[in-house]
Amino acid sequence: MAKLIGYARVSTRQQSTDRQETDLLAAGVRRDDLYVDHGVSGARASRPEFDRALEALVEGDTLVITTLDRLGRSTQNMLAFANELRDRGAGLRVLNLGGGDVDTTTPMGSMLFTIMAALAQMEHEIKSERVTDSISKRRAAGKNLGGRPVRVTDSQIRTAMRLVDAGEPAARVVRDLGMSRATFYRRSRALVA
């Protein structure tokens, strides 16, 4: 007998799958056929509960997800996955795709899935482009990009260099000043150059 296999995912442990689970259960997925990954990115190849959901799928079953981005990031991967399901005789149902419920077991659902997967990838690429552009503009303007603050000052490096030149072991000097040897050698080369 064909059944619905539900899958929910959140990227961080702080996020909740409550809304996804509620939607999946309302769509007819039984609680024992619901698989949930917490703190797992869609870009990762291995998602433990997703893998278990796929193992549970047999011919005639349908994998149910709430939104397209629960599957992954690229159109190519999503389409390959939809084709793999089709080859196995299983379907894919996306509850909130284009304002409605899309089932890839129908020709119209399959076409809509393809279009929406392409749009989802395009949106991801546009976001990535914007971030890259913003970073380039901030760099060109000489603005701070954030990141880890420099904890070791040039003055501390010069002091460490004098101590090492005076015969102190480098390992002890850098430990006492709270830096790694790699930082000391890299920064001292930069100051000498």
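Residues numbered from 1 in each chain as written. Predicted model: local features only at pLDDT ≥ 70, side-chain atom pairs only at ≥ 80, totals over all residues. Heavy atoms only, no water.

1. Comments concerning the overall build of the chain
Next up, step 1: For the chain, the count of helices and strands is 7 helices and 5 strands.
Next up, step 2: Mapped from its N terminus to its C terminus, the chain presents α and β elements in the order β-α-β-α-β-α-β-β-α-α-α-α.
Next up, step 3: Computed over the C-alpha atoms, the radius of gyration of the chain is 26 Å, more than 25% above the 16 Å expected from 2.2 N^0.38 for a compact globule of 193 residues.
Next up, step 4: Seen through its C-alpha atoms, the chain measures out along the principal axes to roughly 80 × 35 × 30 Å.
Next up, step 5: A total of 193 residues make up the chain; the buried ones form 34% of that total.
Next up, step 6: In the chain, of all internal contacts separated by at least 6 residues, the share reaching a separation of at least 24 is 61%.
Next up, step 7: When the accessible surface of the chain is summed, it comes to about 12,100 Å², and 51% of that surface belongs to carbon and sulfur atoms.
Next up, step 8: Across the chain, the centroid of the 30 positively charged side chains sits 12 Å from that of the 24 negatively charged ones. (Helix = DSSP H or I, 4+ residues; strand = E, 2+ residues; numbered from the N terminus. Rg over C-alpha atoms; globule rule 2.2 N^0.38 Å. Buried < 20%, exposed > 50% of the residue type's maximum accessible area, 1.4 Å probe, protein only. Contact = heavy atoms within 4.5 Å. Areas by Shrake-Rupley, 256 points an atom, 1.4 Å probe, with all protein chains shown as cover. Lys, Arg positive; Asp, Glu negative; His and termini not counted. Charge placed at Lys NZ, Arg CZ, Asp CG, Glu CD.)

2. Brief notes about the packing of helix α5 (residues 154-165) against helix α7 (residues 181-192)
Next up, step 1: Remark: α5 packs on α7, axes separated minimally by 10 Å, with the N-to-C direction vectors making an angle of 100°. By the criterion of interaxial angle, the relationship of α5 to α7 is roughly perpendicular. Facing α5, whose interface residues are D154, I157, R158, A160, M161 and V164, α7 presents F184, R187, S188, L191 and V192.
Next up, step 2: Of the residues in the contact of α5 with α7, the class split is 7 nonpolar, 1 polar and 3 charged. (Axes fitted to C-alpha atoms, helices over the stretch in contact; angles between N-to-C directions. Parallel < 35°, antiparallel > 145°, perpendicular 65-115°, else oblique. Nonpolar A, V, L, I, M, F, W, Y, C, P; charged D, E, K, R; others polar.)

3. Considering the packing of aromatic side chains
Next up, step 1: The final tally for this structure, using the stated rule, is 2 aromatic pairs.
Next up, step 2: Taking NZ or CZ as reference, R47 lies 4.3 Å from the ring centre of F50, over its face. (Phe/Tyr/Trp six-rings, centres within 6.5 Å; stacked < 30°, edge-to-face > 60°. Lys NZ or Arg CZ within 6 Å of the ring centre and 35° of its normal.)

4. Thoughts on the confidence of the model for the chain
Next up, step 1: Mean pLDDT for the chain: 83, with 92% of residues reaching 70 or above.
Next up, step 2: Summarising per-element confidence for the chain, the mean pLDDT is lowest in strand β5 (residues 100-103) (69) and highest in helix α1 (residues 18-26) (93). (pLDDT = per-residue confidence, 0-100.)

5. Concerning the nonpolar core
For soluble globular proteins, the rule of thumb is that nonpolar side chains tend to be buried together.
Next up, step 1: Core analysis: the largest hydrophobic core is formed by 18 residues, its most contacted members being L63, L71, F81, L85 and L92.
Next up, step 2: Every element with two or more residues in this core is listed here: β1 (4-10), α2 (48-56), β3 (62-65), α3 (75-88) and β4 (91-97).
Next up, step 3: Beyond its immediate sequence surroundings of up to four residues, L85 is in contact with L54, L57, L63, A90, G91 and L92. (Core = buried A, V, L, I, M, F, W, Y, C linked by side-chain atoms within 4.5 Å.)

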